[in-house]
Amino acid sequence: MKRIAVLASGRGSNFEAIVRAVKEGKIEAEVVALIVDRKGIAAIERAERLGVNWLFVDPSSFPSREDYDAKIVAILKHLKVDLICLAGYMKIVTPVFVDAFPNRILNIHPTLLPSFPGLRPHWQAIIYGVKISGATVHIVDKGVDTGPIVIQCAVPVSPEDTPETLSEKVLKWEHRIYPQAVKWFVDDRVRVEGRMVVVEGADYSKLPVVPALEDF
Ligand code: GRF
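A. Quick look at the packing of helix H5 (residues 121–128) against helix H6 (residues 163–186). Packing of H5 against H6 leaves a shortest axis separation of 9 Å and a crossing angle of 115 degrees. Taken together, the axis directions place H5 and H6 in an arrangement best described as roughly perpendicular. Where H5 crosses over H6, the handedness of that crossing is right-handed. Between H5 and H6, the contacting residues are His122, Trp123 and Ile126 on the first element and Pro163, Leu166, Ser167 and Val170 on the second. In terms of residue class, the contact of H5 with H6 is made up of five nonpolar, two polar and no charged.

As structure tokens, this is what we get:
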């Protein structure tokens, strides 16, 4: 049985979506731990409610981000994890972390990457005036939100959208595509060739959303 760890810094709704998919038997794996870098976050309450072990690793106890990541790597190795899911994890991971788990760390970002990486993604998308936004699950590399893309979904943006309303719309889809990506990894269906991620047997022909198209 594959072993998954989730790292989070806040609300933890994607963490919960992954755990639920496991509990429902849709993903044949075990979520062995939630690791958090902040105390008092909702993700911890969710872990307790869902019966997942959680662990707080205090960033202020380490002299550098690399030292912090070395500790995280040691914990993850000790737990013998096969897959690591960053889910609203607000730290930029260092090469110490990335090199320890090549092609084994996933992240979710709430835009259609490579558009609008980094902070305040929904605000960036709205200010730019895009008509379609979305979400992306990607493999973590040494850049910020730059790694090979595993799955994306498109979500229409309306002129009335605020970062809050857009975030709400996109989040519903995040909760579907992240467990899907995790399942593909757990089932060993993912092949990574450079930037290209190929999921064996996946149907790439479906067009998800075409917003505001009335006459054609
Ligand atoms: C999500 O929108 C995710 O895409 C982004 O941060 C948010 C985390 O939400 N990286 P949650 O903590 O999973 O509820």
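B. Representation of the site of the ligand within the structure. Residues in close proximity to the ligand include Arg11, Gly12, Ser13, Asn14, Gly88, Ile108, His109, Pro110 and Glu174, which together make up its full environment. In this structure, an oxygen atom belonging to the ligand sits 2.6 Å away from a side-chain N or O atom of Arg11. Taking Asn14, its main chain carries an N or O atom lying 2.9 Å from an oxygen atom of the ligand. For the ligand, the accessible surface in isolation is 360 Å², of which the surrounding protein chains cover 85%. Secondary-structure elements contributing two or more residues to the shell around the ligand are helix H1 (13–23) and strand E5 (105–109). Classifying every residue of the shell around the ligand by side-chain character gives two nonpolar, five polar and two charged. In this structure, the shell around the ligand is formed jointly by two domains, domain 1 (1–101) and domain 2 (107–216), each of which donates at least three residues.

C. Inspection of the sheet that holds E5 at higher detail. With respect to topology, seven strands assemble into an open sheet ordered E3-E2-E1-E4-E5-E6-E7, the strand pairing being mixed. Single-partner strands in this sheet number two, and they are strand E3 (54–56) and strand E7 (149–156). Looking at each pair of strands side by side, their axes are set apart by 20 degrees on average, direction ignored. Strand direction decides the pairing type here: E5 and strand E6 (residues 132–139), joined by four bridges, are antiparallel. Residue pairing in the sheet places Leu106 in a bridge with Ile139 of E6. Across the face of the sheet, helix H2 (residues 42–50) comes into contact with strand E1 (2–8), strand E2 (29–36) and E3 while running at roughly 145 degrees to E2. The sheet contacts of helix H3 (residues 65–78) involve E1, E2, E3 and strand E4 (83–86), and relative to E2 the element is tilted by about 155 degrees.

D. How the structure looks around the packing of aromatic side chains. Evaluated as defined, the whole model comprises three aromatic pairs. A ring pair is formed by Phe62 and Tyr68, whose centres lie 5.5 Å apart and whose planes are at 85 degrees; its orientation type is edge-to-face. You can call Phe62 partly exposed: its relative accessible area is 23%. Residue class for Tyr68 comes out buried when judged on its relative accessible area of 2%.

The rules we used
Residues numbered from 1 in each chain as written. Predicted model: local features only at pLDDT ≥ 70, side-chain atom pairs only at ≥ 80, totals over all residues. Heavy atoms only, no water. Axes fitted to C-alpha atoms, helices over the stretch in contact; angles between N-to-C directions. Helix = DSSP H or I, 4+ residues; strand = E, 2+ residues; numbered from the N terminus. Parallel < 35°, antiparallel > 145°, perpendicular 65-115°, else oblique. Left-handed = near helix turned anticlockwise from the far one by under 90°. Contact = heavy atoms within 4.5 Å. Nonpolar A, V, L, I, M, F, W, Y, C, P; charged D, E, K, R; others polar. Near = heavy atom within 4 Å. Polar contact = N/O pair within 3.5 Å; in protein donor to acceptor, adjacent residues only side chain to side chain. Areas by Shrake-Rupley, 256 points an atom, 1.4 Å probe, with all protein chains shown as cover. Domains from an automatic or database assignment. Pairing = 2+ DSSP bridges. Phe/Tyr/Trp six-rings, centres within 6.5 Å; stacked < 30°, edge-to-face > 60°. Buried < 20%, exposed > 50% of the residue type's maximum accessible area, 1.4 Å probe, protein only.

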